[in-house]
Amino acid sequence: HGLTGKAVLAAVQACKQKGYNVTATVVGTEGEVHAMLSDEFATPHTVENSFNKAYTAISLGPIQKVDSTAKIYDAMKLNPGFGTWPLPPAPIRGFTFNPGGLAIIVNGDYLAAIGVSGAPAGTIDQECAQAGRAAALAAMQ
C-alpha cells in the first residue's frame, strides 16, 4: 500500500529529524502488518513495541472511542476492563498503553493504526506517529 509506506517513512523521518532512531509499523483493522520501517540504528525491541502500539490503537481505539494509546490508557483508568471484566496486569499479548500508537480514522471509520517506538519518551513517539498519520491521510486525498 502506497499510503502505509508513506506513513512509516514520514514517521521515521520525523523522529530522525529530532535525533531519534525509531521503528514505525502500520497495521490494518485485523492487526495485520501493512508496512514497517526501522531506522538503521533503531534498537531491536522497537520492532515489536511499534507493532504493539499500532495493534492496541486499532484493537481498543474503536471500543473506547479514542484515537491513541495514550487516550486508551486514560479511558481504561476511568472504566477498567472490557465491560465488567477487570484487566489483569498483563492483559492480552500485544497490548500496550504507552503513548505512540495512533488510529487512522476517516469519516469515523477506523481504517488502520500506526505505532512508533524508539524515542526516549512515548510522547515523542506519538509526535512522530502523528507525522505518519498525517502522511497517510494526505495520501488518501
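Preceding block: the structure.
Residues numbered from 1 in each chain as written. Predicted model: local features only at pLDDT ≥ 70, side-chain atom pairs only at ≥ 80, totals over all residues. Heavy atoms only, no water.

1. Notes on the overall build of the protein
Point 1. Along the protein, the regular secondary structure elements total 4 helices and 4 strands.
Point 2. Secondary structure elements of the protein occur, N-terminal to C-terminal, as α-β-β-α-α-β-β-α.
Point 3. In terms of C-alpha radius of gyration, the protein reaches 14 Å, essentially the compact-globule figure of 14 Å for 141 residues.
Point 4. Along the three orthogonal principal directions, the C-alpha set of the protein runs to about 45 × 35 × 20 Å.
Point 5. By the burial criterion, 45% of the 141 residues in the protein qualify as buried.
Point 6. Excluding contacts between residues fewer than 6 apart, the proportion of contacts in the protein whose partners are at least 24 apart in sequence is 65%.
Point 7. Of the accessible surface of the protein, which amounts to about 7,200 Å², a share of 56% is contributed by carbon and sulfur atoms.
Point 8. Seen as two clouds, the 9 positive and the 10 negative side-chain charges of the protein have centres 4 Å apart. (Helix = DSSP H or I, 4+ residues; strand = E, 2+ residues; numbered from the N terminus. Rg over C-alpha atoms; globule rule 2.2 N^0.38 Å. Buried < 20%, exposed > 50% of the residue type's maximum accessible area, 1.4 Å probe, protein only. Contact = heavy atoms within 4.5 Å. Areas by Shrake-Rupley, 256 points an atom, 1.4 Å probe, with all protein chains shown as cover. Lys, Arg positive; Asp, Glu negative; His and termini not counted. Charge placed at Lys NZ, Arg CZ, Asp CG, Glu CD.)

2. So, the state of the cysteines
Point 1. With the rule as written, the count across this model stands at 1 disulfide.
Point 2. Note that C15 is cross-linked by a disulfide to C128, the S-S spacing being 2.0 Å. Across the S-S bond of C15 and C128 the torsion is about 100°, and the bridge reads as right-handed. With C15 in helix α1 (residues 2–18) and C128 in helix α4 (residues 122–140), the pair connects residues that are 113 residues apart, well separated along the chain. With respect to burial, C15 and C128 carry one shared label: buried. (Disulfide = S-S within 2.5 Å.)

3. So, the sheet that holds strand β3 (residues 101–106)
Point 1. Strand order in the open sheet formed by 4 strands is β2-β1-β4-β3, and the pairing between neighbours is antiparallel. Of all strands in the sheet, those bounded by a partner on one side alone are β2 (33–38) and β3. Taken pair by pair, the neighbouring strands of this sheet meet at an average axis angle of 15°, ignoring direction.
Point 2. Of the pairings in the sheet, the one linking strand β1 (residues 23–28) to β2 comprises 5 bridges and is antiparallel in character. Bridging from a neighbouring strand, T25 pairs with M36 of β2.
Point 3. The sheet contacts of helix α2 (residues 45–64) involve β1, β2, β3 and β4 (109–117), and relative to β4 the element is tilted by about 155°. (Pairing = 2+ DSSP bridges. Axes fitted to C-alpha atoms, helices over the stretch in contact; angles between N-to-C directions.)

4. Brief notes about the nonpolar core
As a rule of thumb, nonpolar side chains are buried together in soluble globular proteins.
Point 1. Membership of the largest hydrophobic core comes to 20 residues, with the highest contact counts inside it found for C15, V22, A24, V26, I114 and V116.
Point 2. Of all elements in the fold, only α1, β1, β3, β4 and α4 reach the threshold of two or more residues within this core.
Point 3. The dominant element in this core, judged by the number of residues it contributes, is α1, at 6 residues.
Point 4. Look past the residues within four positions of V22 in its chain and what remains in contact with it is A11, V12, C15, L37, S38, D39, A42, V116, S117, G118, A119 and D125.
Point 5. Membership of the second largest hydrophobic core comes to 7 residues, among which are A54, A57, A103 and A113. (Core = buried A, V, L, I, M, F, W, Y, C linked by side-chain atoms within 4.5 Å.)

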